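Structural features, examined
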There are 2 protein chains.
Amino acid sequence: MLTDRYELTMLAGALHDGTAARRCSFEVFARSLPGGRRYGVVAGIGRLLDALADFRFGPDELRSLRENGTVDEDTLAWLADYRFRGEIDGYPEGELYFPGSPVLSVTSDFADAVLLETLVLSVLNHDCAVASAAARMASAANGRRLIEMGSRRTHEESAVAAARAAYLAGFTATSNLEAGRRYGIPTAGTSAHAFTLLHDTEAAAFQTQVDVLGVGTTLLVDTYDITQGIATAVEVAGPGLGAIRIDSGEVGVLARQAREQLDSLGATGTRILVSGDLDEYAIAALRADPVDGYGVGTSVVTGSGAPAAGMVYKLVEVDGRPVEKRSQNKTSIGGRKAALRRHRSTGTAVEEVVYRVRPDAEPPALGEHDRRLQVPLWRDGARVPGLPTLEEGRERLRQALVSVPWEGLTLSRGEPALPTTFLP
Amino acid sequence: MLTDRYELTMLAGALHDGTAARRCSFEVFARSLPGGRRYGVVAGIGRLLDALADFRFGPDELRSLRENGTVDEDTLAWLADYRFRGEIDGYPEGELYFPGSPVLSVTSDFADAVLLETLVLSVLNHDCAVASAAARMASAANGRRLIEMGSRRTHEESAVAAARAAYLAGFTATSNLEAGRRYGIPTAGTSAHAFTLLHDTEAAAFQTQVDVLGVGTTLLVDTYDITQGIATAVEVAGPGLGAIRIDSGEVGVLARQAREQLDSLGATGTRILVSGDLDEYAIAALRADPVDGYGVGTSVVTGSGAPAAGMVYKLVEVDGRPVEKRSQNKTSIGGRKAALRRHRSTGTAVEEVVYRVRPDAEPPALGEHDRRLQVPLWRDGARVPGLPTLEEGRERLRQALVSVPWEGLTLSRGEPALPTTFLP
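Residues numbered from 1 in each chain as written. Chains lettered and ligands numbered in written order. Predicted model: local features only at pLDDT ≥ 70, side-chain atom pairs only at ≥ 80, totals over all residues. Heavy atoms only, no water.

Chain A carries the name Nicotinate phosphoribosyltransferase in an unreviewed UniProt entry, which gives Actinoalloteichus hoggarensis as its organism. What UniProt records for chain A under Function (unreviewed entry) is the sentence "Catalyzes the first step in the biosynthesis of NAD from nicotinic acid, the ATP-dependent synthesis of beta-nicotinate D-ribonucleotide from nicotinate and 5-phospho-D-ribose 1-phosphate." (UniProt positions renumbered as here; feature names shortened; annotations may be inferred.)

Structure follows, in C-alpha cells:
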C-alpha cells in the first residue's frame, strides 16, 4: 500500500479497456542535478529489490481498497494475484549518474509496471539524495573518518536507509544500531552531554566511561569548559586516551587549541573528532586543521539542501512505439534506453552516452576503456542473483570517482562533470 | 533498535556506577524556528506514543547487541526487561510551538529516559517539520482544496507519516493509500500522463477514465496541448466533468485560460486543479487565479526547505537539581519546565510563558483567556487514555491559528509570532 491512489485507478482503467496488456517501458531518470552539483550517486537499488519482493496485495490491503471504493472488483481480483512479472535493468549501486541517465528501466505489461512508480521513486529519490550529498562530504573529508549520526533528524525508518546510503557513499560508520543490524554497517557512539550532566562532576562521568568502554573511548569534552574538559579527560584516561569530541563553538580554532593541549599533555596519539551542524563545506573548511574525524548529522540525512533527488518515472515506450509528453518545461525523450560511459585511455570519463534499445539494432560499440552502465536487476519474478553487495557498491563508487575529471569533484556549483549525449 | 549506539553505552555506564537510578527530566524543544518562520506546529505525538508502546529489546535485538559487543551482559539483562516506566507530558498535536517551548517533558530514571532520545527526535523532527510547512501552505490556500502527493519524493515510510502531518496541518487529502488505511485520511488521485500516453489517443484515455471513475473525475489535460486537452475532456465527459488538472507550465496563466475555455464550453462547474513543484509561495501567488485546488508534492514532504524541525532532547534536571551545559552557541536552560500561553481578552495570543515545575511551588496563575500547553501523555507504562484524535488535532490547530496575531500568519521571514518568556 506504499503507493499512490492514481496508480490503482489507472490500473482499473487499463484493465477495463484492454490496454493493461500493452508492453511498456518506464524509465527512471533525473532531469537535472540539484543545486549545481556535478554528479549524482545511485543508491537504494538493493533496498528497492528487497521491497519489490514484498510488494503484494494481501487480504487486509484488498479489504481496505474495497471499503474505500478505490477500484472495482475485477481490479481487486487482479491485485490479489499480483506480483511484478516484468524485467528491470538499471545502474548498480555506487554508480554515478547525470541528468538524463536511464538509472532504471522497467519493462512489462502496463499493469505490472504502473503500480511500481511510487515505491521505486520513494526509495531512489531518498537514497540517491543522501548518497549524493554524502559522497561530496567523503570527498571533502579526504580520507578522514566520517560518522553518520543524523538518525534523530529524519523519520525513524529513513534514518536506517540514510545510514546505508551514507555508508555506500564512503562514510566510515553510523550511530544507528538498526542500520548496523540490518546492513552490517559499523556502528559508533560513546556519550552525549547528558551523561556528563548526570554525574556530580565531569571527572566522575569520564571515569565511568573509561571503566566501561576502556581508554580507547571518545570523551566528549565541551559540556562545560573545553580546556578544563581536555585536562580532566587526560587525567582520567591517561595519555593513551583514544579520542576527544568537540560538538560546539568554532571547531577549527578549538581543534587547533585542543591538539596543542593534548600534545603538551603527552596525549599525542589522542584523536580529535568534531561534530555539530557540519556539512560538506564545513568539512572542507577544516581540511587544514588537526581534525581526525567528523560526526555529521542533519546535513547528510537530509541530502544537504536537496532532500529528494528529483528522479521521475516516465512511460517511454508502448508496444515498441516511443512515447513522450509535450508539456511545457517537463519534456521527456521517448523510447527504451540504456547507457554507456566513454573514457579516455587514461581512464578519465568524458561522456555519458544514452542510446535507444531496439530489438533489431546493435547497441553502440564500446571502446577499450568504456563500459555499459545498466545491468539486469530483476528477472522471472525475483532479483537477479549475484548483484553487487553494499561493500562492492562502495568500492564501485570509489573507482567511479577516480575516473571523474578533477573539476567534477569540486564542491562549487557548476555543470555536471560529464555531458550526456542522446543518440537518436 | 531505532536508536543511537551512544544511548546504550551511556546506559551501560550509568548502570555500572549507579547513576542510572537518578531521577531525571529530559526536555524536547527547538532553539529557533527554521528560515525565519513565525510558528511551528506540533505533530507526531500520536505516532510517537504508538512507537513507544513497541519500543522493547527482544531476543533478536539482544543477540545483535551481544555480537557487536555494544554493551556488557548486565546491560543486556536490564534491556531484556525494559519498557519505558516514566512519565511524559507534552504539547498535544496541532498545538503551536515557538523557540524554547517545552514540547515534551520526559521524567523517569536516567536509564529509562536516555534510551528514548533518538526515537523521540526522529518522530518529532520529521513530523513537526512537515506540519509546520504544511500549515503555511494551508494558510496560503485560504480554504481551497490541498492534496498532498509527495510520497514519491521521500522515503516510503516517511511518506505515510508526512501524509498524516500534512492532514493534521490542514491538507484535504493525500495520494498515499497506506496513509488512508493506517490513519483514515481521505485519499485522492485519478491518473498520470502515462495513462494518456498508453492510449492511442487522448480521447480514448479520457473515455476510459470517465467510464471507470464517472464524469466527476479529474482529467489530466496537459500531456500534449492543453487547449486541445480541455476541448477533448469536455467532449468526452460533457459539461458535468468534475475537474481538470494542469501539471506543468505557467499554471496561473493556464488556469485563467482554462477557466475561460471551460466556461465557454458550458463546463462552468468543472474545477481546476494545479500541481507541479508548488510550495507555499507559489500557492499564495495563485490566490487571484481561478484555481480550485492544489496538488503539492516535494515541498510539503520535505518541510519546504527545512526537512528537520531542529528539536533537541536535553537533560534539564537530575534529582531535583537543574542542569545545563555551557557549550558555546548551544546553551540550554536547566530545570523541568512547562508552559502557558497568554491571550488578550479578544482571544489574540500575546506570549508563550515557560515556567519551572517545582514540587513545592504553584505554577503561575492563568488569566481568563490563557491556557496551559502541556498535557499528560504517558503514565504507568502506557499512553494516557482519551488523547486527542488526528481530527481533533486538526481542529486544535485551526483554532490556535485564529489566535495568532495577523502578522504572525504572513509568509515573509521574521520574528516568531509570539515571544517566549522564561520565568526564573
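Regarding the pattern of salt bridges
All chains considered together, the criterion is met by 60 salt bridges over all chains. The salt bridge involving B:Arg47 is made with B:Asp127; its shortest N-O contact spans 2.8 Å. Here B:Asp127 lies in helix α6 (residues 117–141) and B:Arg47 lies in helix α2 (residues 45–53), a separation of 80 residues in the sequence. Since its relative accessible area comes to 9%, B:Arg47 is described here as buried. Three or more residues are tied together by salt bridges with common partners; here these are A:Glu61, B:Glu157, B:Glu178, B:Arg181 and B:Arg182. (Salt bridge = Lys/Arg side-chain N within 4 Å of Asp/Glu carboxyl O. Helix = DSSP H or I, 4+ residues; strand = E, 2+ residues; numbered from the N terminus. Buried < 20%, exposed > 50% of the residue type's maximum accessible area, 1.4 Å probe, protein only.)

Structural notes on the side chain of A:Gln261
Residues and elements named next belong to chain A. The topology assignment puts Gln 261 in helix α12 (residues 251–264). A residue is classified by how much of its surface remains accessible, and Gln 261, at 17% relative accessible area, is buried. Within the structure, Gln 261 has its side chain in polar contact with the backbone oxygen of Thr 227 (distance 2.8 Å). Excluding its chain neighbours within four sequence positions, the residues that come into contact with Gln 261 are Thr 227, Ile 230 and Ala 231. (Polar contact = N/O pair within 3.5 Å; in protein donor to acceptor, adjacent residues only side chain to side chain. Contact = heavy atoms within 4.5 Å.)

Considerations on the packing of helix α11 (residues 226–237) of chain A against α12(A)
Residue and element names in this part refer to chain A. Where α11 meets α12, the axes come as close as 11 Å, and the angle between the chain directions of the two elements is 35 degrees. Once α11 is placed against α12, the crossing between them reads as right-handed. Across the interface between the two elements, Ile 226, Thr 227, Ile 230, Ala 231 and Val 234 of α11 pack against Leu 254, Ala 258, Gln 261 and Leu 262 of α12. In the contact of α11 with α12, the residues fall into seven nonpolar, two polar and no charged. (Axes fitted to C-alpha atoms, helices over the stretch in contact; angles between N-to-C directions. Left-handed = near helix turned anticlockwise from the far one by under 90°. Nonpolar A, V, L, I, M, F, W, Y, C, P; charged D, E, K, R; others polar.)

Quick notes on the pairing of strand β15 (residues 349–356) of chain A
Residues and elements named next belong to chain A. β15 sits mainly inside the fold: six of its eight residues count as buried. Note that strand β14 (residues 337–343) and β15 share seven bridges and pair antiparallel. Looking at β15, one finds that Arg 342 is bridged to Glu 351. If you look at the hairpin formed by β14 and β15, you'll find five residues sitting between the two strands, and Gly 347 has a positive phi there, around 100 degrees. (Pairing = 2+ DSSP bridges.)

Let's talk about the side chain of B:Ser64
Of note, B:Ser64 is situated in helix α3 (residues 59–67). B:Ser64 sits in the buried class, given a relative accessible area of 9%. Ignoring any residue separated from it by four or fewer positions in sequence, one finds B:Ser64 in contact with A:Arg181 and B:Met1.

Some points on the sheet that holds strand β9 (residues 243–246) of chain B
By way of backbone hydrogen bonds, the strands of a sheet pair with one another, either parallel or antiparallel. Residues and elements named next belong to chain B. As summarised here, the arrangement of the six strands in space is β7-β6-β11-β10-β9-β8, forming an open sheet in which the pairing is parallel. Across the chains shown, the open sheet's two edge strands, defined by having one partner strand only, are β7 (173–174) and β8 (218–220). Note that strand β10 (residues 271–275) and strand β11 (residues 293–296) share three bridges and pair parallel. From the neighbouring strand, Leu 273 faces β11, where its bridge partner is Gly 293.

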